[in-house]
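Here's the letter readout for the chains.
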Amino acid sequence: MRAALAPATRTLYKQVYDNFKSFLSVHYPRSSNPIPTTVPILASYIGYLHETGYSSATITTHVSALSYHHKIHGFPDPSSSFLIKKIVIGSKNLNKSVARVRLPITAGILTRLVRAVRSLGIGGYRTVMIQSMFLLAFHAFLRIGEMAVTRSGTTQHVLHLSDVEFVFTAPSVPTKLVVTFHTYKHSKLSSPFKLEIV
C-alpha cells in the first residue's frame, strides 16, 4: 500500500493529518481522534484554512488527504458529501477574487534580483550562493524543490553539488554548464537526464 503514494505525497498527507489533529485539539478538544471525523467538523476545518489564508488549491489538497485517510482506514468519507463539495467550490470562487498576480521572471527582472541580493548584508559567500541559485533556477527551469529543501522536508528531487558541472575548453574558461537530473517531480526515467546550458 505504501507504494501507491509517492514519498512526497505520503509526507504531505502526514503533515495534513498532523495539522488537522492540531486544529481539533484547539477547536474540538473532545474529538481526540482525527479519523473518522464528521461533515460539520470538516466544514469547520475548511473554513479555518480559508480564514488562515490557505489557497484554494492547498485547501483541496487537505480535503483530499483527509479523504485518503478515511478511505484507507475503511471509514465513510465526509469529503464526498454535497455540503463539503459546495464549500470547496465556494472557497475556490472566493479565492478567484483575491488571486495573486505573479510576474513572469524575465531577463531584466532576473538582473535586478541578482543585483538586489548585494544589498541584503548577508556576507560574500551567501550573496554569491543566492545569486547562483537565482541564475541556475532561471536558466535550468528549476522548481524550488529541485534546488533547496522545502517545508515538506523531502530531499528526493534536490540537486546535489555533484549534479552540476562546468565544462572547460581551456583552464578557467567554462563553455557550458551541465545539470544532471537523476529524479524530478513526475519523472519516470530509468536513466539520468542531462541539461546543457551554454
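Residues numbered from 1 in each chain as written. Predicted model: local features only at pLDDT ≥ 70, side-chain atom pairs only at ≥ 80, totals over all residues. Heavy atoms only, no water.

The tally for this structure, following the rule as stated, stands at nine aromatic pairs. Look at Phe-166 and Phe-168: their rings are 6.4 Å apart centre to centre, the planes differ by 50°, and that puts the pair in the tilted class. The partly exposed category is assigned to Phe-168, whose relative accessible area is 48%. Through successive ring pairs, a cluster of aromatic residues spans Phe-20, Phe-23, Tyr-28, Tyr-45 and Tyr-48. (Phe/Tyr/Trp six-rings, centres within 6.5 Å; stacked < 30°, edge-to-face > 60°. Buried < 20%, exposed > 50% of the residue type's maximum accessible area, 1.4 Å probe, protein only.)

On to the packing of helix H2 (residues 39-52) against helix H3 (residues 56-72), then. Interhelical geometry of H2 versus H3 gives an angle of 150° and a closest axis separation of 10 Å. Judged by the inter-axis angle, H2 sits roughly antiparallel to H3. Crossing angle aside, the handedness with which H2 passes H3 is right-handed. Note on element contacts: H3 touches H2 through Ile-59, His-62, Val-63 and Leu-66, opposite Leu-42, Tyr-45, Ile-46, Leu-49 and His-50. (Axes fitted to C-alpha atoms, helices over the stretch in contact; angles between N-to-C directions. Helix = DSSP H or I, 4+ residues; strand = E, 2+ residues; numbered from the N terminus. Parallel < 35°, antiparallel > 145°, perpendicular 65-115°, else oblique. Left-handed = near helix turned anticlockwise from the far one by under 90°. Contact = heavy atoms within 4.5 Å.)

Counting across every chain of the model gives three salt bridges. A salt bridge links Lys-71 to Asp-77; the nearest nitrogen and oxygen atoms lie 3.8 Å apart. (Salt bridge = Lys/Arg side-chain N within 4 Å of Asp/Glu carboxyl O.)

Once that is clear, we can look at the pairing of strand E1 (residues 164-170). Pairing analysis gives six bridges linking E1 to strand E2 (residues 173-181), with the strands arranged antiparallel. Within E2, the residue paired with Phe-166 across the bridge is Leu-177. Hairpin geometry of E1 and E2 is characterised by an intervening segment of two residues between the two adjacent antiparallel strands and by a positive phi of about 65° at Ser-172. (Pairing = 2+ DSSP bridges.)

The strand order E1-E2-E3 describes an open sheet built from three strands, whose pairing is antiparallel. Edge positions in the open sheet fall to E1 and strand E3 (193-197), since each of these has one partner strand only. Averaged over neighbouring strand pairs, the angle between their axes works out to 25° when direction is ignored. The strands that helix H6 (residues 124-140) touches are E1, E2 and E3; relative to E3, the one it contacts most, it runs at about 110°.

By size, the foremost hydrophobic cluster in this structure holds 19 residues, and its most contacted members are Phe-20, Leu-42, Tyr-45, Ile-46, Val-63, Leu-66 and Ile-84. Taken together, the elements giving at least two residues each to this core come down to helix H1 (7-27), H2, H3 and helix H4 (82-96). Tallying contributions element by element places H2 first for this core, with six residues. Each residue touching Ile-84, except ones within four places of it in the same chain, is listed here: Val-39, Leu-42, Ala-43, Ile-46, Val-63, Pro-78 and Ser-79. (Core = buried A, V, L, I, M, F, W, Y, C linked by side-chain atoms within 4.5 Å.)

Without other data, these values stay purely geometric and don't point to any function.
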